[in-house]
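Given next are the chains, with one letter for each unit.
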Amino acid sequence: MSRRLRSTLPVATTKLDPSLINSSTFRSSRENEQERQQKYFNRNAKNLPSLAIGETVRFKKDPDSKWTLATVVEKLSTPRSYLLQAENGSRYRRNRIHIRKTNERPLQTDSPDQVENLMPTTITETQPKVPSTSTPTNPSTTQATKKTSRYGRVINPNPIYKT
């Protein structure tokens, strides 16, 4: 608020009066500071190349999601924005930073020939495994199935709690 705050320390009352800041001086110093910040930021910044309509790209639906395959439908009027169409037909508006160019070809499932090519040509039946009905002779020699943590560490069962 352009003034010194009161405290328990003794201060002259003239120093507690607010002193106005010249707005033109403040504005010019602020602009100089912003230009300096912009210069250092733009040292490493670069523009991404623009995308053409019909190009195959990958994009993120959410920041934590996986990259999804899509095609560019339209370049929008806002800077660096594109309209994308995913494989399932949904359309998404994304900024260029969330789009990666790829050489892949999107799957076209419009014609029945391509759907048939995705199916396996031969179907083999597998016999279901029948669990063995024999009981182990010595239960102490058989080990219970060991569980592992998501990091791969083997978790031994606690002998106090029987499962």
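The residue numbers shown here count from 1 along each chain, following its written sequence. Two thresholds apply to this predicted model, a pLDDT of at least 70 for residue-level local features and 80 or more for giving and counting side-chain atom pairs, whereas whole-chain, interface and lining totals are computed over all residues. With hydrogens and water stripped out, all remaining heavy atoms of the structure feed into the side-chain values.

Side note on the overall build of the protein
Next up, step 1: Counting its secondary structure elements, the protein contains two helices and seven strands.
Next up, step 2: Labels follow the DSSP assignment, with helices taken as runs of H or I lasting at least four residues and strands as runs of E lasting at least two, numbered in each case from the N terminus. Listing the helices and strands of the protein from first to last along the sequence gives α-β-β-β-β-β-α-β-β.
Next up, step 3: Each residue is assigned to one of three classes by its accessible area relative to the maximum for its type, calculated with a 1.4 Å probe on protein chains only: buried under 20%, partly exposed between the two thresholds, exposed over 50%. Counting over 163 residues, the protein shows a buried share of 14%.
Next up, step 4: Here a residue-residue contact requires only that any non-hydrogen atoms of the pair lie within 4.5 Å. A separation threshold of at least 6 residues defines the contact pool for the protein, and within that pool the share at least 24 residues apart is 30%.

Focus on the nonpolar core
Next up, step 1: Nonpolar cores were defined as sets of buried Ala, Val, Leu, Ile, Met, Phe, Trp, Tyr and Cys residues, with membership established by side-chain atoms within 4.5 Å. If you look at the biggest cluster of nonpolar residues, it comprises 10 residues: Leu51, Val57, Phe59, Ala70, Val72, Tyr82, Leu84, Ala86, Tyr92 and Ile99.
Next up, step 2: Secondary structure elements with two or more residues in this core: strand E1 (56-60), strand E2 (67-75) and strand E3 (81-86).
Next up, step 3: Per-element tally for this core: the top contributor is E3, with three residues.
Next up, step 4: Residues in contact with Ala86, not counting those within four places in the same chain, are Phe59, Leu69, Ala70 and Tyr92.

Concerning the packing of aromatic side chains
Within a pair of aromatic rings, the relevant descriptors are the distance that separates the centres and the angle that separates the planes.
Next up, step 1: Only Phe, Tyr and Trp rings are paired, with Trp represented by its six-membered ring, and only when their centres lie within 6.5 Å; those with planes under 30 degrees apart are stacked, over 60 edge-to-face, the remainder tilted. For the structure shown, the criterion picks out one aromatic pair.
Next up, step 2: Measuring from ring centre to ring centre gives 5.1 Å for Phe59 and Tyr92, while their planes differ by 45 degrees; the resulting arrangement is tilted. With Phe59 in strand E1 and Tyr92 in strand E4 (residues 91-95), this pair connects stretches of sequence that are 33 residues apart.
Next up, step 3: Working rule: Lys NZ or Arg CZ, within 6 Å of ring centre, within 35 degrees of ring normal, means a charge sits over the ring. We note Lys39 situated over the ring of Tyr40; from NZ or CZ to the ring centre the distance is 4.8 Å.

Brief notes about the pattern of salt bridges
Next up, step 1: For this document, the term salt bridge refers to a Lys or Arg side-chain nitrogen within 4 Å of an Asp or Glu carboxyl oxygen. Within the structure shown, the criterion is met by three salt bridges.
Next up, step 2: The partner of Glu55 in a salt bridge is Lys101, and the shortest N-O contact between them spans 3.0 Å. Taken together, the residues Glu55 in the loop between helix H1 (23-41) and E1 and Lys101 in strand E5 (residues 99-101) connect sequence positions 46 residues apart.
Next up, step 3: For Glu104, the salt bridge is made with Arg58, and the minimal N-O distance between the two is 2.7 Å. Here Arg58 lies in strand E1 and Glu104 lies in the loop between E5 and helix H2 (112-118), a separation of 46 residues in the sequence.

Some details on unusual backbone geometry
Next up, step 1: Of note, the phi angle at Arg80 is positive, near 60 degrees, even though the residue is not glycine.
Next up, step 2: You can see Arg80 is positioned in the loop between E2 and E3.
Next up, step 3: According to the relative accessible area criterion, Arg80 is exposed, its value standing at 53%.

A short note on the sheet that holds E3
Next up, step 1: With antiparallel pairing, the five strands of this open sheet are ordered in space as E4-E3-E2-E1-E5. Since the sheet does not close on itself, it has two edges, and those belong to E4 and E5, each with one partner. Along the sheet, successive strands turn relative to each other by an average axial angle of 45 degrees, direction set aside.
Next up, step 2: Pairing of E1 with E2, which is carried by five bridges, proceeds in the antiparallel orientation. Across the sheet, residue Thr56 finds its bridge partner in E2, namely Thr71. Pairing between strands is defined by DSSP: at least two bridges between them are needed. In this analysis, axes come from line fits to C-alpha atoms, helices being fitted only over the stretch in contact, and the angle between any two N-to-C directions falls in the range 0 to 180 degrees.

Some words on the confidence of the model for the protein
Next up, step 1: Scored from 0 to 100, pLDDT records how confident the predictor is in each individual residue. When pLDDT is averaged along the protein, the result is 78; 71% of the residues meet or exceed 70.
Next up, step 2: At the level of individual helices and strands, the protein shows its lowest average pLDDT in H2, which scores 41, and its highest in H1, which scores 95.
Next up, step 3: Note on residues 111-125: pLDDT under 50 across the span, and three contacts to partners over four residues away in sequence or across chains.

Quick notes on the pairing of E4
Next up, step 1: Because side chains alternate across E4, one face comprises the buried residues Tyr92 and Arg94, and the other comprises Arg91, Arg93 and Asn95, none of which is buried.
Next up, step 2: Taken together, the five bridges between E3 and E4 define a ladder with antiparallel strand orientation. In the strand pairing of E4, Leu84 is matched with Tyr92.
Next up, step 3: Between the end of E3 and the start of E4, which pair antiparallel, lie four residues, with Gly89 showing a positive phi angle near 100 degrees.

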